[in-house]
Amino acid sequence: MKLTFLGTSHGVPAADRYCSCVMIESGDAVYFIDGGAPVIDELLRHGRHPDEIRALFNTHVHGDHTNGICHLVDLADWYFKKSSFDLYIADQSYIDAIGVMIKACNPGSTLSPDRLRFHLVDPKVAYEDENIKVEFIPTAHMRAPYHSYSILVSEGEKKVLFSGDFSQHLERADVPKILSEEEIDLFVCEMAHFGTEHIRPYLDSAKAKKIAFTHVFPLAKYEKIAQMSAELTVPVLTPKDNDVIEI
Ligand SMILES: [Zn+2]
Ligand SMILES: [Zn+2]
């Protein structure tokens, strides 16, 4: 599977970084993890078409992970009428609100439930098609009644774990256990809510073959990440927008 990092910033964009969004290409299909970047614009700039989108998976509803979804769905609704995809969203309030927003932009919108299929994430139910399997693992970044998840994407034997956002200073110990229990080809880890000293014990016990740090705040933390990377035994990447990782 091919991962293109469309947005690598944390809650606020930077001059050269959009907010969180990763495009996954597997088989003939396109998938997204979060939609904090201008999803539809970036899809087209990277030479893919809305008709090729199969699904978008959302870690949580904070705007830096969702603000590009409305534009994507609006255009899929009224212009790209052959597009047909699933959207797995962490909270029902966002699903309800996006329908209202799109109707506010376009009174003629139909939001066909046959083509634009919104689903509330249920961590007990995995997504699976002929290309990939996607599992949601609850985290404690969001407080009740909201929800947040890490997302595990498998393509055959290959596995990528996307952290989503974790709790402040990891004080709610919400790094998924699977990180230390199973061999994972790539761990994509946010770095906005805790320091290198907080995540280090989890990385030392991780079975990940490679780690990519993204969603980094403040940017000065890249220095600390570089220092920690020199001590880790696995390759560490710090992708910028448009960087590609093939798994
Ligand atoms: Zn975030
Ligand atoms: Zn967040």
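Given the structure is predicted, the values throughout are model-derived calculations rather than measurements.

Enquirer: Sorry, what's going on with the overall build of the protein here?
Expert: Summing up its helical and strand segments, the protein has six helices and 14 strands in all. Here the C-alpha radius of gyration of the protein, 17 Å, is about what a compact globule of 247 residues would show, namely 18 Å. Taken along the three principal axes of its C-alpha coordinates, the protein extends 55 × 40 × 35 Å. Classification of the 247 residues of the protein by burial places 56% in the buried group. Considering only residue pairs separated by 6 or more positions, the protein has 65% of its internal contacts joining residues 24 or more positions apart. Charge-centre separation for the protein: the mean point of 24 positive side chains lies 0 Å from the mean point of 37 negative side chains.

Enquirer: Can you help me understand the coordination of the zinc ion (ligand 2) in this one?
Expert: Angles between donor atoms at a metal ideally measure 109.5 degrees for a four-coordinate tetrahedral arrangement and either 90 or 180 degrees for a six-coordinate octahedral one. Within the first shell, the zinc ion (ligand 2) binds the protein through His60 (NE2), His62 (ND1), His141 (NE2) and Asp165 (OD), at distances of 2.2 to 2.6 Å. Around the zinc ion (ligand 2) sit four donor atoms, and with donor-metal-donor angles ranging over 89 to 172 degrees the site reads as irregular. Mapping the donors of the zinc ion (ligand 2) onto the primary sequence yields the spacing H-x1-H-x78-H-x23-D. The metal-metal distance between the zinc ion (ligand 2) and the zinc ion (ligand 1) is 3.5 Å, with Asp165 serving as a donor to both.

Enquirer: Where do I start with the sheet that holds strand E6 (residues 116–120) in this structure?
Expert: The pairing of strands in a sheet comes from backbone hydrogen bonds and takes either a parallel or an antiparallel form. Read across the open sheet, the seven strands follow the order E6-E5-E4-E3-E2-E1-E14; overall the sheet is mixed. Each edge of the open sheet carries a strand with a single partner, namely E6 and strand E14 (244–246). Looking at each pair of strands side by side, their axes are set apart by 20 degrees on average, direction ignored. In this sheet, strand E4 (residues 53–57) lies alongside strand E3 (residues 29–33) in parallel orientation, the contact comprising four bridges. Looking across to E4, one finds that Val30 is bridged to Ile53. Helix H2 (residues 69–78) contacts E4, strand E5 (85–89) and E6 of the sheet and is inclined by roughly 155 degrees relative to E5. Sheet contacts for helix H3 (residues 92–105): E5 and E6; angle to E6, the most-contacted strand, approximately 155 degrees.

Enquirer: How should the packing of aromatic side chains be read in this particular structure?
Expert: Both the distance between ring centres and the angle between the ring planes are used here to describe each pair of aromatic rings. If you walk through the whole model with that rule in mind, you get ten aromatic pairs. Between Phe57 and Tyr88 the ring centres are 5.6 Å apart and the planes differ by 25 degrees, which places this aromatic pair in the stacked class. Placement of Phe57 in strand E4 and of Tyr88 in strand E5 is noted, with a sequence separation of 31 residues between them. Judged by its relative accessible area of 16%, Tyr88 is buried. Through pairs of rings, three or more aromatic residues link up here, namely Tyr31, Phe57, Tyr88, Tyr127, Phe136 and Tyr149.

Thresholds, definitions, all that
Numbers given to residues run from 1 along each chain, matching the order in which its sequence is written. Both sets of labels track the order of writing: A upward for chains, 1 upward for ligands. Where totals are concerned, whole chains, interfaces and linings use all residues; where local detail is concerned, this predicted model gives features only for residues with pLDDT of at least 70, and gives and counts side-chain atom pairs only at 80 or more. As a rule here, side-chain values come from all non-hydrogen atoms in the structure, and water together with hydrogens is ignored. A run of H or I in DSSP becomes a helix once it reaches four residues, and a run of E becomes a strand once it reaches two; helices and strands are each numbered from the N terminus. Radius of gyration: C-alpha atoms only; globule rule: 2.2 Å multiplied by the number of residues to the exponent 0.38. Throughout this description, buried means an accessible area under 20% of the type-specific maximum (1.4 Å probe, protein chains only), exposed means over 50%, and partly exposed covers the range between. Note on contacts: a residue pair qualifies if any of its non-hydrogen atoms lie within 4.5 Å across the two residues. By the counting scheme adopted, Arg and Lys are positive, Glu and Asp are negative, and His together with the chain ends is not counted. A single reference atom marks each charge: NZ on Lys, CZ on Arg, CG on Asp, CD on Glu. Each metal's donors comprise the N, O and S atoms found within 2.8 Å of it (within 3.2 Å for Na, K or Ca). Water is not part of the atom list, so some coordination spheres may appear incomplete. Labels for metal geometry use angle windows, namely 85 to 135 degrees for all angles of a four-donor tetrahedral site, and for square planar (four donors) or octahedral (six donors) sites opposite donors over 155 degrees apart plus all others within 65 to 115; sites meeting none of these are irregular. Between any two strands, pairing holds if DSSP finds at least two bridges. To obtain each axis, a line is fitted to C-alpha atoms, and for helices this fit is confined to the stretch in contact; angles are then taken between N-to-C directions over 0 to 180 degrees. Within 6.5 Å between ring centres, the rings of Phe, Tyr and Trp (the latter by its six-membered ring) count as paired, and their orientation is classed by plane angle as stacked under 30 degrees, edge-to-face over 60, tilted in between.

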